[in-house]
Amino acid sequence: MGSVALQSSRHRVLSDREMELRTRSELCSSRKRSLLSMLRLLLAIALLPSVCLSSPAVSAFEGRSFIDRQIAAHPGLTGTFVLEKGEEALLARAWLADHARRSIDVQYFIWSTDNIGILASESLLRAAERGVRVRVIVDDLLMDAPDKTLLALATHPNMEIRVYNPVHSVGVPLRTRLINLVTNFRGANQRMHDKTFIVDAELAITGGRNMADEYFDFDQEYNFRDRDALVVGHAVTQMRASFDRFWSSDLTVPVETLYDGFGILRKSVEVSDREARRIYREMHEYASSQEHFEPEIRAAIAAIPVKFPELATQVVWGKVDFISDLPGKNTSRSALGGGGLSTDALAALLGGARRDVLIQSPYLVLSDAALALFERVRARGVRVRISTNSLASTDNIQAFSGYRNQREELLKLGIEIYEFKPDPQVQQQVMQRYANRQEKSPIFALHAKTLVVDEEIVYIGTYNLDPRSENLNTEVGVVIHDAEQARRVAQAIAIDMLPVNSWNAIEDPDQFVSFVKRAKASFWQLLPIKPLL
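Anyway, here's the lowdown on the structure attached to this text. Everything numeric in this text was worked out from a predicted model, so none of it was measured.

### Some remarks on the packing of helix H6 (residues 115–129) against helix H12 (residues 273–288)
Next, step 1: The interhelical angle for the contact between H6 and H12, taken along N-to-C directions, is 120 degrees, at an axis separation of 9 Å. Relative to H12, the element H6 is oriented oblique. Note that H6 runs across H12; the crossing there is left-handed. Facing H6, whose interface residues are Asn115, Ile118, Leu119, Ser121, Glu122, Leu125, Arg126 and Glu129, H12 presents Tyr280, Met283, His284, Tyr286 and Ala287.

Given below as structure tokens:
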């Protein structure tokens, strides 16, 4: 039971802090309306017609036809653009959903029922209603959607929803969850951490962001510094193939079958056609209600540039590899080890470094195998720098305790570690609206998962530098073989490591945290939980 508590805290949706914040958010209706206004603004901007464009660089952009021509002009290659800002990432997803022709395949670890989650769900429903085939895979652990809403969406003729490894939440009463933990401990801890958004098997987005407010800089209390990649062309076929493997896996179960149970071990939930239509109508009304548009928001629509066309014209074409794990991660059925395909691929990238390795990971807990790999890399004289969370910024004290146990050892290896501040200066650059809307900005923490090798290759994906990503959770990401993009990402991480944004780990950043929080971390350091971190 403790391991699942750790995992829930680790991924935040079930943590005491987040439950408190979300309850507070629900009570503050005016704040919610203001937040929704900004979200609706961004979605409206994303859907503005291309005739509104004035920039010469994007005047030739003609919706999907522009992308079609680019794909045809680069056979066997992949176009990528790194999405550093939450607003950019939201705009890209909104535009892709609204311009899908045939299919949308979506795979996420967290899909919350906050504003981002509801608006994203409604955009998929609109796509399904115009004839697009929509398939959704969501991990079971942190699923918090109302049963009837989830079932209503799944029964739409053009929408299918499947749940990965459903032993915790969807259709599972508490008593059954406890039985699953006792009888299949590893299975209960093996989760799908993948995050992909694929349109027509031609365009996609992957990276660190889940479907929740805090991953797009819209939470009022706590947000993540994250990173995605817009992907166009050849590598998207690899992403679609990975999605299809999960879709056909026995671990991925249709929602409808999870609610047809009888007795005390399964939930039994039904939704009538009338109820489904009501739920669809309420979702559309919520997403389009004009009462959420304040005058200044409506005026701002005309002033803010149309962004997605600009992003599309900045795509860089070249060699891109998509890495992913198989459903189940590995063949281990009881032990908490075993590795995986993503682990092997990233270890090979790291092991091949000649001069410089730059890593950004929210969690830094090295297994014995990972530590040995870093020792070999450092022995060859390769410089290693890591950007990670501080105790002040982390969303997970348990994971930080694992890093705290190793920090001195890593520093002795010559690894340079920079711990992100909770109020970094860079926050004002990527979340400019908060500087104008309130005196105090939300806490800002790292969530980006990135590896840059020799400023020639960059990985952007879902893989955390910890045992859970190494052995338990399935992971994905793109490996971009392009020096220009690798340098840009390296520069962004270097900015995050500046003294105005991070503390150098040799300076004992824990001193800036309260005694209570340090004591909590010390407590978790004493427990043998490393394989679960």
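Now that the structure has been shown, the text picks up again.
### Some thoughts on the pairing of strand S5 (residues 196–199)
Next, step 1: On S5, burial covers both faces: Thr196 and Ile198 on one face and Phe197 and Val199 on the other are all buried.
Next, step 2: As judged from the four bridges shared by S5 and strand S6 (residues 203–207), these two strands associate in the antiparallel manner. For Val199, the partnering residue across the bridge sits in S6 and is Leu203.
Next, step 3: As consecutive antiparallel partners, S5 and S6 are separated by three residues, and within that stretch Asp200 has a phi angle of approximately 55 degrees, a positive value.

### Points about the nonpolar core
Next, step 1: Ranked by size, the top nonpolar core spans 67 residues in total, and within it Ile104, Trp111, Leu124, Val134 and Phe197 carry the most contacts.
Next, step 2: Setting aside chain neighbours within four positions, we find Phe197 in contact with Arg93, Leu96, Ala97, Ile104, Asp105, Val106, Tyr108, Leu124, Leu203, Ala204, Ile205 and Met211.
Next, step 3: Counting residues in hydrophobic clusters, the runner-up holds 37 residues, among them Leu346, Ala370, Val382 and Tyr463.

### Some words on helix H8 (residues 174–183)
Next, step 1: Those residues of H8 not exposed but buried are Thr176, Arg177, Asn180 and Leu181. All buried residues of H8 project into a common sector of 140 degrees when viewed along the axis, lining one side. Opposite the buried face of H8, at more than 90 degrees from it, the exposed residues are Val182 and Thr183.

### Side note on the pattern of salt bridges
Next, step 1: Summed over all chains, the structure comprises 30 salt bridges.
Next, step 2: For Arg135, the salt bridge is made with Asp105, and the minimal N-O distance between the two is 2.9 Å. Separated by 30 residues along the polypeptide, Arg135 in strand S3 (residues 133–139) and Asp105 in strand S2 (residues 103–108) bring together distant segments of the chain.
Next, step 3: Relative accessible area serves as the criterion here: at 4%, Arg135 is assigned to the buried category.
Next, step 4: Overall, Asp105 belongs to the buried group, its relative accessible area being 1%.
Next, step 5: Residues Asp510 and Arg404 are paired through a salt bridge, measuring 2.8 Å at the closest nitrogen-oxygen approach. Within this pair, whereas Asp510 is found in the loop between strand S18 (502–504) and helix H22 (515–525), its partner Arg404 is found in helix H17 (residues 397–412), the two being separated by 106 residues in sequence. Of the two residues, Asp510 and Arg404, both sit in the buried class.
Next, step 6: The network of salt bridges with common partners includes Arg64, Arg102, Asp200 and Glu202.

### Digging into the packing of aromatic side chains
Next, step 1: Summed over all chains, the structure comprises nine aromatic pairs.
Next, step 2: The interplanar angle of 50 degrees and the centroid separation of 5.8 Å between the aromatic rings of Tyr164 and Phe246 together place this pair among those described as tilted. Of the two residues, Tyr164 is situated in strand S4 (residues 159–164) and Phe246 in helix H10 (residues 234–247); the sequence distance between them amounts to 82 residues.
Next, step 3: Residue Tyr164 is classed as buried on the basis of its relative accessible area, which comes to 0%.
Next, step 4: A relative accessible area of 0% means that Phe246 is categorised as buried.

Cut-offs applied
- Residues numbered from 1 in each chain as written.
- Predicted model: local features only at pLDDT ≥ 70, side-chain atom pairs only at ≥ 80, totals over all residues.
- Heavy atoms only, no water.
- Axes fitted to C-alpha atoms, helices over the stretch in contact; angles between N-to-C directions.
- Helix = DSSP H or I, 4+ residues; strand = E, 2+ residues; numbered from the N terminus.
- Parallel < 35°, antiparallel > 145°, perpendicular 65-115°, else oblique.
- Left-handed = near helix turned anticlockwise from the far one by under 90°.
- Contact = heavy atoms within 4.5 Å.
- Buried < 20%, exposed > 50% of the residue type's maximum accessible area, 1.4 Å probe, protein only.
- Pairing = 2+ DSSP bridges.
- Core = buried A, V, L, I, M, F, W, Y, C linked by side-chain atoms within 4.5 Å.
- Arc of directions from axis to C-beta.
- Salt bridge = Lys/Arg side-chain N within 4 Å of Asp/Glu carboxyl O.
- Phe/Tyr/Trp six-rings, centres within 6.5 Å; stacked < 30°, edge-to-face > 60°.

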